[in-house]
Amino acid sequence: MLVRIAAAFSPASPVTGRDLFAGRLDQLQDLLDIASQRGQHAVVYGERGVGKTSLATVATTVLGAFDDAPMAVRANCDGTDDYSSVWRKVLTEVTFVREIRGTGFRPEAKKVSKTLESELPEGTVSPNDVRRLLTAIGRTRHVVVFVDEFDRLEDDESRRLFADTIKTLSDQLVPATIILVGVADNVDELIAEHQSVERALAQIHMPRMSPAELREIIDRGLKTIPMNINADAASSITRLSQGLPHYTHLIAQSAARAAAMRGSRDISVRDVNTAVGVAVKKAQESIVKTYHEATSSSRETLYEEVLLACGMASTDELGYFAAADVRRPLSTIMRKRYDIPAFARHLNALSEKERGMVLQKAGLPRRFRYRFNNPLLAPYVIMRGLADGRISSAQLEQLS
Ligand SMILES: Nc1ncnc2c1ncn2[C@@H]1O[C@H](COP(=O)(O)OP(=O)(O)O)[C@@H](O)[C@H]1O
Ligand SMILES: [Mg+2]
């Protein structure tokens, strides 16, 4: 059972197969539609951790299951990449077979497998090189190119060249599709030149997952073990996840283990509580480090409470909250009324460099809005608050 539990949930890696992929049917359908139309390209954007890479991976898997579907390839950008290096990565993934005529009296044709990358010129790659190669391969196969973590491509010139490439491919109806995937609130942030290709570029927004979609993650995973979960335990997991599937995987997996360890196939609220403690201990090192940086202090101790209240504050669609939204959760935590002047300074400090800028500050003075720089920190501070006894699950439920 422990082996099955390990395979049922993947808190640290994207979902690859259709059977463990939950929800997101609209987005998947949009991608598959775009992948089969000439002249259409797309941008998939949203917060960190909402499931963009999983969507791209599953779309690749689905396409791979059909012989006559387009060939899908994926490449990741990192901070050292530019336009040329990204295309070298992408085109290394595209292979084709070339026949080489033999020599001699009775020449035999030989087939060799090559990558499109080997057809690129030395040095820098231009949009025209890309168009030429994608057109050539397009005579036999439509290629869909996923460029993931596009936000990590730092230089503006490279991004502009991607916009140019999309424009060229779509003007000339080359049978190839480019799908850019990255962290952003809007398409502008990823690709400022998108207006020039507006008609050819579909925008696919990935919002946080709904409680129903998160519940589906739990159910799909448990079905493979198989185990059951009661409604209260499941809704406790989805509430703590705040729309971020990473935590659904993490808590559901630990809770399933806790139930298995006590010899049961039925996960209860008790197992979820155990799981929260485990999840706090096993959280990503970077998250724990950020938490310490934000809250450590020689004298003052209110930082942990303010950060926890921020995690519990109700937010708008983009994850922003105002100082006024922190008042109620903080008063609940402190069991005493706290007004804005008592913690405004803390909010400010949490958005400064010294405390690792855990909060992003936006808007105008007196109307500042804040949000967690790393969305994954918010569920962590709440789980930590629960594990440390700073708040109870009853209080949490009351506030939500
Ligand atoms: N539709 C989904 N169904 C099930 N699990 C998902 C889904 N989308 C994302 N996940 C899980 O959520 C976590 C983050 O997903 P990921 O695709 O890496 O997000 P992003 O690329 O947006 O940062 C991973 O653990 C992944 O397994
Ligand atoms: Mg990703």
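This is a predicted model, so every value here is computed, not measured.

Could you give me a rundown of unusual backbone geometry, with the residues and numbers involved?
Cis geometry marks the peptide bond from I225 to P226, where omega comes out at -10°. Mapping P226 onto the fold places it in the loop between α8 (211-223) and β8 (228-229). With a phi angle near 50°, L173 is a residue other than glycine that sits in the positive phi range. In this model, M357 sits at a positive phi of 45°, which is unusual for a non-glycine residue. With respect to the helices and strands, the residue M357 is situated in the loop between α15 (340-350) and β11 (359-362). For M357, a relative accessible area of 39% translates into the label partly exposed.

If you had to explain the packing of aromatic side chains to someone new, which residues and values would you point to?
For any pair of aromatic rings, geometry is given as the distance between the ring centres together with the angle between the planes. In total, this model carries eight aromatic pairs according to the counting rule given. Measuring from ring centre to ring centre gives 5.9 Å for W87 and F162, while their planes differ by 20°; the resulting arrangement is stacked. Taken as a pair, W87 in helix α4 (residues 83-92) and F162 in helix α6 (residues 156-171) lie far apart in primary sequence, 75 residues in all. Accessibility assignment for this pair places W87 and F162 in one class, buried. Feature note: the residues Y83, W87, F150 and F162 constitute an aromatic cluster, connected by ring pairs. In this structure, R355 packs its charged tip against the face of Y303, placed 3.6 Å from the ring centre. The ring of F368 has K361 sitting right over it, with the charged end atom 4.2 Å from the ring centre.

Any details on the site of ligand 1? Residues and values, ideally.
Around ligand 1 sit 21 residues, and of these S10, S13, A22, K52 and S54 come closest. In this structure, G49 approaches ligand 1 through a main-chain N or O atom, which is 2.8 Å from an oxygen atom. Protein contact buries 92% of the 560 Å² of open area that ligand 1 shows by itself. Looking at the shell around ligand 1, the elements that each hand over two or more residues are α3 (52-64) and α10 (245-261).

Calculation notes
- Residues numbered from 1 in each chain as written.
- Chains lettered and ligands numbered in written order.
- Predicted model: local features only at pLDDT ≥ 70, side-chain atom pairs only at ≥ 80, totals over all residues.
- Heavy atoms only, no water.
- Helix = DSSP H or I, 4+ residues; strand = E, 2+ residues; numbered from the N terminus.
- Buried < 20%, exposed > 50% of the residue type's maximum accessible area, 1.4 Å probe, protein only.
- Phe/Tyr/Trp six-rings, centres within 6.5 Å; stacked < 30°, edge-to-face > 60°.
- Lys NZ or Arg CZ within 6 Å of the ring centre and 35° of its normal.
- Near = heavy atom within 4 Å.
- Polar contact = N/O pair within 3.5 Å; in protein donor to acceptor, adjacent residues only side chain to side chain.
- Areas by Shrake-Rupley, 256 points an atom, 1.4 Å probe, with all protein chains shown as cover.

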